[in-house]
Amino acid sequence: MTQTATERALNFSAGPATLPEPVLKQARKDIWDIEESGIGICEHSHRGPVFDNVINEAVADCREVGSIPDEFEILFMQGGATLQFAMLAMNFLKAGTVADYLDTGVWTSKAIKEAKKIGSVNVAFDGSVTNHDHCPSDDELHLSQDAAYLHYCSNNTIYGTRYEHVPTTNAPVICDMSSDIFSRAIDWSKHSMVYAGAQKNLGPSGTVLVVIKKSLLEQCDGSLPLMLDYKAQASKGSMLNTPPTFGIYLMGQVFKWILNAGGLSAIEQRNEAKAAVIYDALQGCNGFYSLIAREDCRSRMNISFRCQTPELDAIFLETAAAHRMSGLKGHRSVGGLRASVYNAFPFEGCEKFAEFLTDFADNNG
Ligand SMILES: Cc1ncc(COP(=O)(O)O)c(C=O)c1O
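Just so it is clear, the model here is predicted, and its values are computed rather than measured.

With that settled, consider the overall build of the protein chain. Counting secondary structure elements, the protein chain contains 10 helices and 14 strands. Across its three principal axes, the protein chain shows a C-alpha extent of roughly 60 × 55 × 30 Å. Here the protein chain holds 365 residues, and 46% of them are scored as buried. If you take every contact in the protein chain between residues at least 6 apart in sequence, the share linking residues at least 24 apart comes to 66%.

Next comes the structure, spelled out in structure tokens:
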């Protein structure tokens with residue numbers, strides 16, 4: 001059985017993605033027997049003391065990792081980030097109101113499509129005009145008056161762009177942080193709700209972290225089915241039904257790993273260094289590679305690029321696979337190549353990849 005980062009393949013997958021090795025090793029043990037209870041984590045009742053401890057610690061550690069103020073509720077939910085696209089509109093996009101959406105790529109387009117099934121949407125920024133090569137500045141936004149909320153996505157997994165600022169608006173701000181949650185500090189004073197599918201920076205797919213202002217919960221009027229109602233979910237501590245116990249457990253372990261690594265500021269510094277190594281290599285190859293994102297909004301999590309031809313992209317993927325580097329194919333909507341280097345992706349892996357990029361350009365230029 002392979003046990004160390006050096007023995008395992010380098011996994012550049014956009015999600016599900018690389019998880020921290022200490023977390024995987026702890027999980028391997030706890031799946032068999034957690035807390036010397038003689039029972040594995042997936043086999044414990046969610047109403048028992050062992051799981052009670054798991055979820056309480058996960059909430060407390062999440063709050064500490066993200067410096068999340070008390071005025072926010074922390075929820076663990078199911079259905080992936082995609083269910084949030086519909087659910088947030090069902091809860092907060094009431095008849096007679098309009099919500100502002102910033103369209104910066106495939107995932108925001110999907111969020112818009114879902115919201116339109118519920119109510120009235122104003123697309124306040126349409127990034128397709130420039131092939132989603134950037135995130136907008138405030139003066140590019142066409143906001144509506146008195147919007148119910150503004151929805152944006154902090155990091156666009158497919159195009160490899162990210163915001164350097166939180167969009168300015170008077171409306172409550174809701175953010176899809178699926179692909180960069182806890183990769184950098186979050187300004188809670190500028191957000192009313194943040195959500196993230198777990199499968200990039202937090203844990204297994206299907207589980208979702210939702211951080212929501214308690215005052216926003218007051219808008220949930222009880223008319224929705226319970227599972228779709230944030231207030232109902234909050235009132236039962238994410239345990240309206242049997243929660244995704246393993247997902248919550250694993251997220252909890254990832255929070256502990258972040259705290260042990262020095263918290264978000266240390267993680268952010270490491271992410272900056274990791275991304276810089278790769279961007280420098282890409283740019284140092286005399287135009288052999290081209291980047292998809294505009295320089296001022298480059299993601300530190302997803303680095304989308306291409307060689308000069310699709311044929312070269314295909315050879316790149318084959319050669320990378322021979323070097324045990326996997327998950328580098330770009331999303332089908334953009335083509336090309338993409339290296340996803342989330343929090344748990346090792347720095348040494350980025351260095352190895354940078355070397356590979358340079359060698360490949362030398363050998364194929
Ligand atoms: C930014 C973003 N939002 C939403 C999603 C959808 O997540 P899920 O598959 O958990 O529904 C993804 C998936 O990759 C994503 O990258």
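Here helix α3 (residues 80-92) is 13 residues long and its end C-alpha atoms lie 19 Å apart, about the 18 Å a rise of 1.5 Å per residue gives. All buried positions along α3 are accounted for by A81, Q84, F85, M87, L88, A89, M90, N91 and F92. Contacts made by the buried residues of α3 are with β3 (98-103), α4 (106-118), β8 (173-176), β9 (193-197), β10 (208-213) and α6 (230-235).

It is worth spelling out the domain arrangement of the protein chain at this point. When the parts of a complex come together, some accessible area is lost, and that lost area is often used as the size of the interface. What the domain assignment reports for the protein chain is domain 1 (24-260) and domain 2 (263-364). Summarising the inter-unit geometry, the C-alpha centres of domain 1 and domain 2 are found 27 Å apart. Taken together, the 23 residues of domain 1 in the interface contact 22 residues of domain 2. Contributing elements (two or more residues each) for the side of domain 1 that touches domain 2: β7 (161-162) and α7 (245-260).

Within the largest apolar cluster, 69 residues are counted, with the highest numbers of intra-cluster contacts made by A196 and L209. Ranked by residue count, the leading element in this core is α7, at nine residues. The residues touching A196, leaving out its near neighbours within four places in the chain, are A81, M177, S178, I181, L202, V208 and L209. Core analysis: the next-biggest nonpolar cluster, separate from the first, contains 38 residues, C135, A275, A281 and A344 among them.

Before going further, it helps to spend a moment on helix α10 (residues 347-364). Look at α10: 26 Å from first C-alpha to last across 18 residues, which is about the 26 Å you get at 1.5 Å a residue. Where α10 is buried, its residues touch β1 (10-11), α8 (263-283), α9 (310-322), β13 (325-326) and β14 (337-340).

With that settled, consider the packing of helix α2 (residues 49-66) against α7. Put simply, α2 and α7 touch, their axes get as near as 8 Å, and they point 40 degrees apart. Put simply, α2 runs oblique to α7. α7 is crossed by α2, and the crossing has left-handed handedness. Contacts from F51, V54, I55, E57, A58, D61, C62, E64 and V65 of α2 reach α7 at T245, I248, Y249, M251, G252, F255, K256, I258 and L259. Residue classes in the contact of α2 with α7 are distributed as 12 nonpolar, two polar and four charged.

Another point: unusual backbone geometry. A cis amide bond, omega -5 degrees, links G15 with the succeeding residue P16. Mapped onto the elements, P16 comes out in the loop between β1 and α1 (21-32). If you check the backbone angles, R324 has positive phi at about 60 degrees while not being a glycine. Counting through the fold element by element, R324 comes out in the loop between α9 and β13.

Reading across the sheet, the three strands line up as β11-β12-β14 and stay open at both edges, with antiparallel pairing between neighbours. Each having just a single partner strand, β11 (290-291) and β14 make up the two edges of the open sheet. One ladder, built from two bridges, connects β11 with strand β12 (residues 302-306); its direction is antiparallel. Bridge assignment links S290 to a residue of β12, and that residue is R306.

What counts and how
Residues numbered from 1 in each chain as written. Predicted model: local features only at pLDDT ≥ 70, side-chain atom pairs only at ≥ 80, totals over all residues. Helix = DSSP H or I, 4+ residues; strand = E, 2+ residues; numbered from the N terminus. Buried ≥ 20, exposed ≤ 12 C-beta atoms within 10 Å, placed from the backbone. Contact = placed C-beta atoms within 7 Å. Expected span 1.5 Å × (residues − 1). Domains from an automatic or database assignment. Core = buried A, V, L, I, M, F, W, Y, C linked by C-beta atoms within 7 Å. Axes fitted to C-alpha atoms, helices over the stretch in contact; angles between N-to-C directions. Parallel < 35°, antiparallel > 145°, perpendicular 65-115°, else oblique. Left-handed = near helix turned anticlockwise from the far one by under 90°. Nonpolar A, V, L, I, M, F, W, Y, C, P; charged D, E, K, R; others polar. Pairing = 2+ DSSP bridges.

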